[in-house]
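# Inside the fold
Okay, here's what each chain looks like letter by letter:
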Amino acid sequence: MTQALDEIKIGGMGASRKRVEDSRFIRGKGNYTDDIHLPGMLHMEILRSPLAHARITKIDASRAWDIPGVHLVLTGDMMATRNLAWMPTLSYDTQAVLATDKVRFQGQEVACVIADDPYIAKDACEAIDVEYEPLPVVVSPQAAAAEDAPVIRDDKENQDGNLIYNWEVGDAEGTDRAFEEADLVSRLQLHYPRSHPSPIECCGSIADFNRSTSKLTVYMTTQAPHIIRAAVALVAELPEHMIRIISPDIGGGFGNKVPIYPGYVCSILASILLERPVKWIEDKTGNLISTGFARDVYLDGELALRRDGKILGMRMRTLADHGAFFADAQPSKFKIGLMHSTFGCYDVPVAHLAARGMYTNKAPGGVAYRCSFRVTEAMFFQERMMHAAANDLGMDQAEFRRINLVRDEQFPHRTPFGFLLDSGQYKACLDLGLKAVGYEDFLRQKEEARKKGRLLGIGISTMSEPLGAGNSREYDILGIKMFDSAELRVHMTGKALLRTGARGQGQGHETTWGQIVAHELGIPADDVTVEEGDTDTAPFGMGTYASRSTPVAGAAIAMVCRKVRAKARKLAAHLLEVSEEDIEWELGRFYVRSAPDRGVTIQECAMAAYSNMPDGLEPGLENNAYYDPPNLTWPFACYIVTVEVDPETGVWDVLNMVAVDDCGVRINPMIVEGQIMGGLTEAYAMSNMQFITFDADGNCIGANYMDYMLPTAWETPGFELHGEIVTPSPHHPIGAKGVGECAAVGGPAAFVNAVMDAIAGTGVRNIDMPLLPDRVWEAITERHDVSGAPPVRSDG
Ligand code: MCN
Ligand code: CUM
């Protein structure tokens, strides 16, 4: 007789299983793009524009061609002969691969050199003579909207200004009525600054075109290999089955590795022309100056309030700076991503959002950096607005939220913008957070400290985030529907191979996906190999971003396991010589209902699938599943921070931070906590120290790790995490909700609100992030709001 298995012991759901991938990562045995060396491989470097806006009058590459070891110099004109000077973006725009007519941002790709080694290639880049005729530069969307602003995208027909879109959603008239009925209107304006995901590993690719087989293999740092394969097939007009995209280990993505970059395209063309492998590895400055900028949006909104604290309506306007090319990935239908998920967790009867997007002379921006398509900006504004509104009402911060949070019995709750929030225990999370931080006690301490001239403050941020795009009715990228997939092969001895269409970049998929298999089939997680990222082997999927892997690919894994279990049941019936209807399942084992002692393990069924199958049953034990989720998942989080601000210097220290995350059922609690700590660290960095901006000439200021600080364990405060509250997703097969981005999304407002609370009484409504000491000091001493909007003051 076999025993029922202990799920935790086999590494199933809820086990804090150690990350299996770390065994190679911490030994330096990872296999990143730059670790790959192919025979005969050449190296590519990119020449970038020093100017933000200029006409190119001449490019002379003859000196570069003459350097020994140089194999190819690519310029925009050469790309144009192959129709590759421009490429489509993931937002239905076009982007220059190599500039032909103009450069439109500092750091734009102008030419590439392919040489025997990267040093020769770099030297040869410097030997290319480019003549520029400078043009007026635009570094803010307000300036871009001015009547006399230079037209940045004069390459586009019918583009007579710099407007990209003018989009609105919600009920404008109903919202106007709500404001007429309000006792009080609270207003806030702020800028969510440009930020950069800056993963430790920069972007890169190795293209390997083999003329004899006509096969193009590209190793590259992409979070979405199948989308890249589709794009290469459509743009380069190569047959899809002759393209193989491999995402090897990725050293952090954070959204930086979703878009398609010119470097990828140039390495591919170079390999086709030279018939040799061509490697491009971006340097840190190149990464920080030209790829994957996020945010950079001006947010302006109002809340219509009743005297007792009830929100009657919400109005919001956004003005986004997308840089020179509208290149971020987002669902086709929504021009500013899921910005309209703002205020979702509050019971707001009516709302309206108007969004405008502009071209400027900056690198393409607006990618989702650890944020499900602009949700970070949405939730930041929401929680900063909530903070300001509670103060305007003279109400307690926690009480104001408690009055307005969606109540448990209101689920499913439809927001005024049409999202369906399906589950949650918002108040319970808030109350747990308040208890953990010692709310009442801290308020008393704060008053005491005030009397002695010390500035203590507390900041709350509560939010529910839409994670897991999509459902295919509403979510697609360039028309490709946002579902995902899994394929499971159980070998003869009961070991298994699992592949998905996701592509992790450090999130621990190799660990957690095995846990889902253990949960569904009773095959120990250690017996499951997980593979992602190779389009020749993985089933088609949309990749990993928007914390969609658990909600979508994770669901597909559960579903494929259930298909495999259904077949195993037939094998069990055959082995036990009973009919299928008489069979019961418990973790890892089928048994006869009337005689529970008679059973067979999943491993015995696997053996039978190859050695003893019944007549008429196909051999083998494998299957696949494509999963199209009925809805997004809606995790909830409550973050509370306490700080002390030094009034003499503006320096602020975190005293305590409490995080309550309800992400549904946790597959691996330790990995979930790691995700939350990482997100809170990024939130702290964005709010406290990370500064990357532009001067009036469009020079990128701060594209280095002195100005754009990455906090280490030394700078990062401690966090107290709570995962006691679990509201399973009602539609996800294992009840899990996404979590990978929550803390980076909800965290920043908690820090800023805490500092604003500490300086309450100065009349200051807002200081833009990052809350650098000089900004906080200026707010305290000058008693006015401090904007961080570019261009930065050029006083030196
Ligand atoms: N998980 C779990 N239980 C849940 C939810 C998630 O155990 N209820 C686990 C998952 O199995 C997975 C991890 O937590 O191992 C994150 O899962 P999920 O929320 O599904 O997010 P994704 O796997 O889709 O990861 C994407 C998300 C995004 S969009 C960014 S940006 C980000 C983030 O993950 N980039 C990261 N976290 C990152 N962490 C690392 N180390 N590196 C990055 O680049
Ligand atoms: Cu939203 S950054 Mo992540 O989606 O790769």
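First, a word on scope: everything that follows refers to the structure included in this document. Since we're looking at a predicted model, the values are computed, not measured.

## Points about the environment of P773
Note on placement: P773 falls in helix α19 (residues 773–782). With 434 residues separating them along the chain, P773 and M339 place their C-alpha atoms 30 Å apart. Those residues in contact with P773, other than ones at most four positions away along the chain, are T649, G650 and V651.

## Comments concerning the site of ligand 1
As a structural note, the neighbourhood of ligand 1 is formed by 34 residues, with G253, H509, S549, T550 and Q675 the closest of them. In the model, an oxygen atom of ligand 1 is placed 3.3 Å from a nitrogen or oxygen of the R548 main chain. At 2.8 Å from a nitrogen atom of ligand 1 is found a main-chain nitrogen or oxygen belonging to V665. When ligand 1 sits alone it has 840 Å² of accessible area, and the protein chains cover 96% of it. When residues of the shell around ligand 1 are traced back to their parent elements, those giving at least two are α14 (509–521), α15 (549–576) and α17 (669–688). A breakdown of the residues in the shell around ligand 1 according to their chemical character gives 12 nonpolar, 17 polar and five charged.

## Here's the deal with the packing of helix α10 (residues 375–393) against helix α18 (residues 742–758)
Axis separation between α10 and α18 bottoms out at 8 Å; the angle between their running directions is 30°. It follows from the interaxial angle that α10 and α18 lie roughly parallel. For α10 against α18, the interelement crossing comes out right-handed. On the side of α10, the interface is formed by V375, T376, M379, F380, E383, R384 and H387, while α18 contributes A744, V745, P748, A749, V752, N753, M756 and D757. Tallied by class, the residues present in the contact of α10 with α18 amount to nine nonpolar, three polar and three charged.

## Some points on the coordination of the copper atom of ligand 2
Protein coordination at the copper atom of ligand 2 comes from C371 (O) and E741 (OE), with a distance range of 2.2 to 2.5 Å. Because the angles between the four donor atoms bound to the copper atom of ligand 2 fall within 76 to 145°, the donor set is best described as irregular. Pair noted here: C371 is in the loop between β17 (351–358) and α10 and E741 is in the loop between β34 (720–722) and α18, with a separation of 370 residues, a long-range link. Summarising the burial analysis for this pair, C371 and E741 share the class buried.

Rules of the game
- In this convention, every chain numbers its residues from 1, walking through the sequence in written order.
- Labels are handed out in written order, letters beginning with A for the chains and numbers beginning with 1 for the ligands.
- Per-residue local features are limited, in this predicted model, to residues with pLDDT of at least 70; the limit for side-chain atom pairs, both in listing and counting, is 80 or more; totals at the level of whole chains, interfaces and linings are taken over all residues.
- The side-chain figures draw on all heavy atoms in the structure; neither hydrogens nor water molecules are used.
- Segments assigned H or I by DSSP are reported as helices when at least four residues long, segments assigned E as strands when at least two residues long, and all are numbered from the N terminus.
- Here, residues are in contact when the closest pair of their heavy atoms is within 4.5 Å.
- Throughout, the term near means that a residue has one or more heavy atoms lying within 4 Å of the molecule or strand in question.
- Each polar contact in these results corresponds to two N or O atoms within 3.5 Å; when the atoms are within protein, one needs to be able to donate a hydrogen and the other to accept it, and residues that are neighboring in sequence are counted only if both atoms are side-chain atoms.
- Computed by Shrake-Rupley with a 1.4 Å probe, the accessible areas treat only the displayed protein chains as cover when residues are assessed.
- Note on residue classes: Ala, Val, Leu, Ile, Met, Phe, Trp, Tyr, Cys and Pro are nonpolar, Asp, Glu, Lys and Arg are charged, and everything else, Gly too, is polar.
- Comment: axis = line fitted to C-alpha atoms, over the contacting stretch for helices; angle = value between 0 and 180 degrees taken between N-to-C directions.
- Should an angle lie under 35 degrees it is considered roughly parallel, over 145 roughly antiparallel, and from 65 to 115 roughly perpendicular; all remaining angles are considered oblique.
- Crossing chirality is assigned from the near helix's rotation relative to the far helix, an anticlockwise turn below a right angle marking it left-handed and a clockwise turn marking it right-handed.
- With water omitted from the atoms examined, metal sites may look incomplete; donors here are N, O and S atoms no farther than 2.8 Å from the metal, or 3.2 Å in the case of Na, K and Ca.
- Irregular is the default label, applied whenever a site is not tetrahedral (four donors, all angles between 85 and 135 degrees) and neither square planar nor octahedral (four or six donors, opposite donors over 155 degrees apart, all other angles between 65 and 115).
- Only protein chains enter the accessibility calculation, which uses a 1.4 Å probe; a residue is then buried when its area is under 20% of its type maximum, exposed when over 50%, and partly exposed in between.

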